[in-house]
Amino acid sequence: MEIAAFLSDKAGAISVVERQEFPYQKALGPQVGGVTMKMLQNKGVKFHMKAELRQGSSLPLWSFAALVLAPLLAGTFPNSAFLKGTSIARDASGAILVDLHMQTNIPNVFAAGDVVSFPVALLNGEQCSIHHQQVAEVHGHTAALNMLKKEKELHTVPFFWTTMFGKSIRYAGCHGDAAVPSYARWRDPHSSAFPFRDGVVTAAASLSCDPMVALIAEALYSGKQISKEEAE
Ligand SMILES: Cc1cc2nc3c(=O)[nH]c(=O)nc-3n(C[C@H](O)[C@H](O)[C@H](O)COP(=O)(O)OP(=O)(O)OC[C@H]3O[C@@H](n4cnc5c(N)ncnc54)[C@H](O)[C@@H]3O)c2cc1C
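Conventions and cut-offs
- Chains are numbered independently. Their residues run from 1 in the order of the written sequence.
- With pLDDT at 70 or above as the cut-off, local features in this predicted model cover only qualifying residues; side-chain atom pairs require 80 or more to be listed or tallied, and sums for whole chains, interfaces and linings still use all residues.
- Side-chain numbers come from the whole structure's heavy atoms, not from hydrogens or water.
- Grouping buried Ala, Val, Leu, Ile, Met, Phe, Trp, Tyr and Cys residues that are joined through side-chain atoms within 4.5 Å yields what is termed a nonpolar core.
- Throughout this description, buried means an accessible area under 20% of the type-specific maximum (1.4 Å probe, protein chains only), exposed means over 50%, and partly exposed covers the range between.
- A run of DSSP states H or I qualifies as a helix once it reaches four residues; a run of E qualifies as a strand once it reaches two. Both are numbered from the N-terminal end.
- Domain start and end points were adopted from an automatic or database domain assignment.
- Definition of nearness: a residue and a molecule or strand are near each other if at least one heavy atom of the residue lies within 4 Å of the molecule or strand.
- Any pair of N or O atoms that falls within 3.5 Å is considered a polar contact. Within protein, one atom must be able to donate a hydrogen and the other to accept it, and sequence-neighbouring residues count only if both atoms are side-chain atoms.
- In short, Shrake-Rupley with a 1.4 Å probe defines the accessible areas, and a residue's cover is counted only from the protein chains shown.
- Residues are sorted three ways: Asp, Glu, Lys and Arg are charged, Ala, Val, Leu, Ile, Met, Phe, Trp, Tyr, Cys and Pro are nonpolar, and all the rest, Gly among them, are polar.
- The aromatic pairing rule takes the rings of Phe, Tyr and Trp, using the six-membered ring of Trp, and pairs them if the centres are within 6.5 Å, calling planes under 30 degrees apart stacked, those over 60 edge-to-face and the rest tilted.
- Placement of a positive charge over a ring is assigned whenever Lys NZ or Arg CZ falls within 6 Å of the ring centre and within 35 degrees of the normal to the ring plane.
- We call a pair of cysteine sulfur atoms a disulfide whenever their separation is within 2.5 Å.
- To estimate the expected span of a helix, subtract one from its residue number and multiply by 1.5 Å.
- As used here, the arc belongs to the directions running from the helix axis to the C-beta atoms.
- Throughout, a residue-residue contact means that at least one pair of heavy atoms, one from each residue, lies within 4.5 Å.

Q: Sorry if this is basic, but what is going on with the nonpolar core here?
A: For soluble globular proteins, the rule of thumb is that nonpolar side chains tend to be buried together. Formed by 22 residues in total, the largest nonpolar core has its most connected members in Leu28, Leu40, Val45, Phe47 and Met164. The set of elements that each furnish at least two residues to this core consists of α1 (2-7), α3 (30-41), β7 (159-164), β8 (167-173) and β12 (203-207). Per-element tally for this core: the top contributor is α3, with five residues. Residue assignment places this core across two domains, with domain 1 (2-62) and domain 3 (159-231) each supplying three or more.

Next comes the structure, spelled out in structure tokens:
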């Protein structure tokens with residue numbers, strides 16, 4: 001998406017191909033994805049949604065001056081094929097299962113970043129894969145301390161940020177692998193919204209509404225529970 005935005009005033013034509021109905025859908029939800037998609041469409045970017053590129057694909061893509069391929073986003077699929085034949089536990093998607101010390105099921109073997117599924121405190125310890133730069137950094141830090149026998153448990157609130165056409169997109173927290181977040185209050189252009197689970201806020205998203213999401217992240221980090229009523 002960032003590449004498409006960057007190229008939008010430079011390339012003759014740009015197409016984004018994506019398996020989901022909206023960009024960012026799995027990570028940020030359809031509302032955030034829908035707004036960013038509209039922002040790009042307004043700049044002439046074409047979207048081919050619920051589509052996949054295959055050899056001999058009938059999508060009329062190859063004639064375009066520029067082509068942006070979304071479904072191959074690094075991190076969307078865990079790159080763990082090299083572990084085939086090992087006893088390192090993975091989930092059905094291939095993500096390596098780790099505990100709060102970033103340790104795999106094999107003692108003293110650690111993993112971190114996009115490739116893992118880890119227990120998420122905000123989701124009561126549910127195992128999830130979260131593909132954000134900040135999460136990968138905290139994972140690496142935690143894994144390194146545990147390699148040094150510092151006995152450090154992962155403690156973080158996932159935080160995603162990006163900028164598109166001068167608008168900041170922020171997302172803190174998480175909604176779980178199974179659920180797609182749904183926002184009651186999301187609208188363009190200045191918005192904030194919160195997905196819930198069991199009546200408490202597990203995440204917050206915003207578009208050009210800083211520092212709202214950073215403040216929510218800080219509250220969640222300190223262990224505060226924000227009820228649906230408080231958020232509304
Ligand atoms: C286009 C794009 C935009 C993004 N934008 C944002 C954003 O705005 N905000 C945000 O928070 N996150 C963003 N992300 C996600 C973020 O980049 C990742 O979550 C983060 O880079 C994950 O770090 P990592 O170290 O786990 O994996 P990577 O950064 O993917 O690093 C893994 C490295 O391992 C190497 N590797 C893989 N397999 C092997 C092997 N078998 N042997 C040796 N080396 C191997 C790879 O070449 C790579 O260098 C974006 C990702 C993409 C692709």
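Still more ground to cover, so stick around.
Q: Explain the site of the ligand to me, please; I cannot follow it from the model alone.
A: Taken together, 14 residues form the shell around the ligand, and within it Asn79, Asp114, His132, Gln133 and Trp161 come nearest. Here an oxygen atom of the ligand and a backbone polar atom of His132 are 3.4 Å apart. Here an oxygen atom of the ligand and a backbone polar atom of Trp161 are 3.0 Å apart. Taking 990 Å² as the accessible area of the ligand by itself, protein coverage stands at 47%. Elements supplying a minimum of two residues to the shell around the ligand: α4 (133-147) and β7. Ranked by the residues each element gives to the shell around the ligand, the list is headed by β7, at three residues. Partitioning the shell around the ligand into residue classes produces six nonpolar, six polar and two charged. Split by domain, the residues of the shell around the ligand number at least three in each of domain 2 (87-147) and domain 3 (159-231).

Q: So what exactly am I meant to see when it comes to the packing of aromatic side chains here?
A: Aromatic ring pairs: the centre-centre distance and the angle between the two ring planes describe each pair. Scanning the model with the defined rule gives one aromatic pair in all. Between Tyr24 and Phe160, the ring centres sit 5.9 Å apart and the planes meet at 70 degrees, which makes this aromatic pair edge-to-face. Taken together, the positions of Tyr24 in the loop between β1 (15-17) and α2 (25-28) and Phe160 in strand β7 put the pair 136 residues apart, joining distant regions of the chain. Phe160 matches Tyr24 in its accessibility class, with the two residues each being buried. The ring of Phe6 has Lys10 sitting right over it, with the charged end atom 4.1 Å from the ring centre. Geometry around Phe165 places Lys43 over its ring, the cationic atom sitting 5.1 Å from the centre.

Q: Would you explain the state of the cysteines in this entry?
A: Two cysteines whose sulfur atoms are joined by a covalent bond form what is called a disulfide. Applying the stated rule across the entire model yields zero disulfides. With no disulfide of its own, Cys174 has Cys128 as its nearest cysteine by sulfur position, at a separation of 5.8 Å.

Q: So what exactly am I meant to see when it comes to α4 here?
A: Each α-helix winds once per 3.6 residues, and so residues spaced three or four apart point in a common direction. In a regular helix each residue adds 1.5 Å, so 15 residues correspond to 21 Å; α4 covers 21 Å between its end C-alpha atoms and thus fits that length. Among all positions in α4, only Gln134, Val135, His139, Thr142, Ala143 and Asn146 are buried. All buried residues of α4 lie within an arc of 165 degrees about the axis, which places them on one face of the element. Exposed residues pointing more than 90 degrees away from the buried face of α4 are listed as Gln133, Glu137 and Met147. Contacts made by the buried residues of α4 are with β5 (116-120) and β7.

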